[in-house]
Amino acid sequence: MHGPVIGAGEPPRLMVVVAHPDDETFACGSLLLHAAASGATTAVCCATRGEAGERAPGSGVTKQELPAVRERELRAAARLLQVSRVDMLDFADSGMSGPAGPDTLAGAAFADVRDRVRECLEDFQPHVLVTLDAGDGHRDHVRIRDATLAAAQQARWRVARVYLHCLPQALMRRWLEHLAREHPASQHLEADVPGTPEELITTVVDTRRYLAEREQAIAAHASQISPYDGLPADLRLAFLTTEHLRRVVPAWNGGDRERDVFSQVAGAAR
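Residues numbered from 1 in each chain as written. Predicted model: local features only at pLDDT ≥ 70, side-chain atom pairs only at ≥ 80, totals over all residues. Heavy atoms only, no water.

So, helix 8 (residues 233-240)
Among the residues of helix 8, those classed as buried are Leu-235, Arg-236, Ala-238, Phe-239 and Leu-240. Elements that come into contact with the buried residues of helix 8 comprise helix 2 (29-37), helix 6 (169-182), helix 7 (211-220) and strand 7 (242-249). (Buried < 20%, exposed > 50% of the residue type's maximum accessible area, 1.4 Å probe, protein only. Helix = DSSP H or I, 4+ residues; strand = E, 2+ residues; numbered from the N terminus. Contact = heavy atoms within 4.5 Å.)

Listed below in structure tokens is the structure:
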């Protein structure tokens, strides 16, 4: 048995751990809405205030204002996603490249990042824990993924299920084909196809009913450029109406994919 059994009448709890404001919406927004609609209490733990992010043209936000603005946007989006709690870990955004100082998420001691995530986890006591799979290679996403998995292993509270939120490789291939047509000089076209191979995806959740609410939360991050802007309608819907995850706790033993992160949440492995 992995993790606690949910008591009679007790709502399940789901926590999403991310690196930057907007990760909770651009990546996990529909999953959070689905969890709330399923009766779960949800929380977001965010490691940085995203001060290294690029400001959307015309936003009017200065570089100095960006950390405070992005935190406000995160909290506004969280309300729209029916999130009950937001925790900030107070690391600095590491950016995509260059030196990562000791106060940044990528440059801080790994044990420090892990322990701050563990503190949030032990306080909220989620039955389901989700973080990004870092398939895009961003060093902050990699660091928060690794720290979250380590925190779940070491925490006194035993999480019933741990998932990585994924972008399937087949979907990312469609995105690259769109880029090649519309932006043939894009640097993204020089890299290998990002995303998670289909055979590693264990869980697929239909979230199309939450599209309108997800779109509202995306709009709340007005200082940022949405990765879905400018996509053809069918590709945008493919990104925003189905959640793909990889279950890592308990280990996946094959069989039909799950259709929900709360099924058998007491923790028996397949």
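Some details on the sheet that holds strand 3 (residues 85-91)
The sheet built from seven strands is open, its strands ordered 3-2-1-4-5-7-6 with mixed pairing. Each end of this open sheet is capped by a strand with a single partner; those strands are strand 3 and strand 6 (203-206). Shown here is a sheet whose adjacent strand axes are inclined to one another by a mean of 25 degrees, direction ignored. Here five bridges tie strand 5 (residues 161-166) to strand 7, and the two strands are oriented antiparallel to one another. Within strand 7, the position partnered with His-165 by the bridge is Leu-245. Contacts from helix 4 (residues 110-124) reach strand 1 (13-18), strand 2 (41-48), strand 3 and strand 4 (128-132) within the one sheet, and its direction differs from that of strand 3 by about 165 degrees. Sheet contacts for helix 5 (residues 139-154): strand 1, strand 2, strand 4, strand 5 and strand 7; angle to strand 4, the most-contacted strand, approximately 160 degrees. (Pairing = 2+ DSSP bridges. Axes fitted to C-alpha atoms, helices over the stretch in contact; angles between N-to-C directions.)

A short note on the environment of Gln-216
Within the secondary structure, Gln-216 sits in helix 7. Look at Gln-216 and you get partly exposed, because its relative accessible area is 48%. Put simply, Gln-216 and Val-61 are 155 residues apart on the chain and 20 Å apart in space, counted from C-alpha to C-alpha.

Comments concerning the pattern of salt bridges
For the structure on display, the rule yields 20 salt bridges. The residue Glu-71 makes a salt bridge to Arg-75 at a minimum N-O spacing of 3.0 Å. One end of the pair is Glu-71 and the other is Arg-75, both in helix 3 (residues 66-80) and four residues apart, which spans about a single turn. The class of Arg-75 is partly exposed, set by a relative accessible area of 31%. Note that Asp-115 and Arg-114 form a salt bridge whose closest N and O atoms lie 3.0 Å from each other. Overall, Asp-115 belongs to the partly exposed group, its relative accessible area being 22%. Residues joined by salt bridges that share partners form a network here, namely Arg-114, Asp-115, Arg-118, Glu-122 and Arg-156. (Salt bridge = Lys/Arg side-chain N within 4 Å of Asp/Glu carboxyl O.)

Focus on the packing of helix 3 against helix 7
Each pair of packed helices gets described by two things: the angle between the helix axes and the distance between those axes. At a minimum axis distance of 8 Å, the contact between helix 3 and helix 7 shows a crossing angle of 170 degrees. Between helix 3 and helix 7, the crossing angle belongs to the class labelled roughly antiparallel. Between helix 3 and helix 7, the contacting residues are Glu-73, Ala-76, Ala-77 and Leu-80 on the first element and Gln-216, Ala-217 and Ala-220 on the second. Taken together, the residues that form the contact of helix 3 with helix 7 break down as five nonpolar, one polar and one charged. (Parallel < 35°, antiparallel > 145°, perpendicular 65-115°, else oblique. Nonpolar A, V, L, I, M, F, W, Y, C, P; charged D, E, K, R; others polar.)

Some words on the pairing of strand 5
Counting buried residues along strand 5, six of its six residues qualify, which places the element largely inside the surrounding structure. Side chains of strand 5 alternate between two faces, with Arg-161, Tyr-163 and His-165 and Val-162, Leu-164 and Cys-166 buried alike. Here strand 4 runs beside strand 5; their pairing, made up of five bridges, is parallel. Bridge pairing links Leu-129 to Val-162 in strand 5. Remark: the strand 4/helix 5/strand 5 crossover connection has right-handed handedness. (Right-handed = clockwise from strand over helix to strand, strands pointing away.)

Thoughts on the packing of helix 6 against helix 8
At their nearest, the axes of helix 6 and helix 8 sit 11 Å apart, and the two run at 150 degrees to each other. In terms of orientation, helix 6 and helix 8 fall into the roughly antiparallel class. Helix-helix and strand crossings are classified by hand; for helix 6 and helix 8 the assignment is left-handed. Judged by residue contacts, Leu-171, Met-172, Arg-174, Trp-175 and His-178 of helix 6 engage Asp-234, Leu-235, Ala-238 and Phe-239 from helix 8. Tallied by class, residues from the contact of helix 6 with helix 8 come to six nonpolar, one polar and two charged. (Left-handed = near helix turned anticlockwise from the far one by under 90°.)

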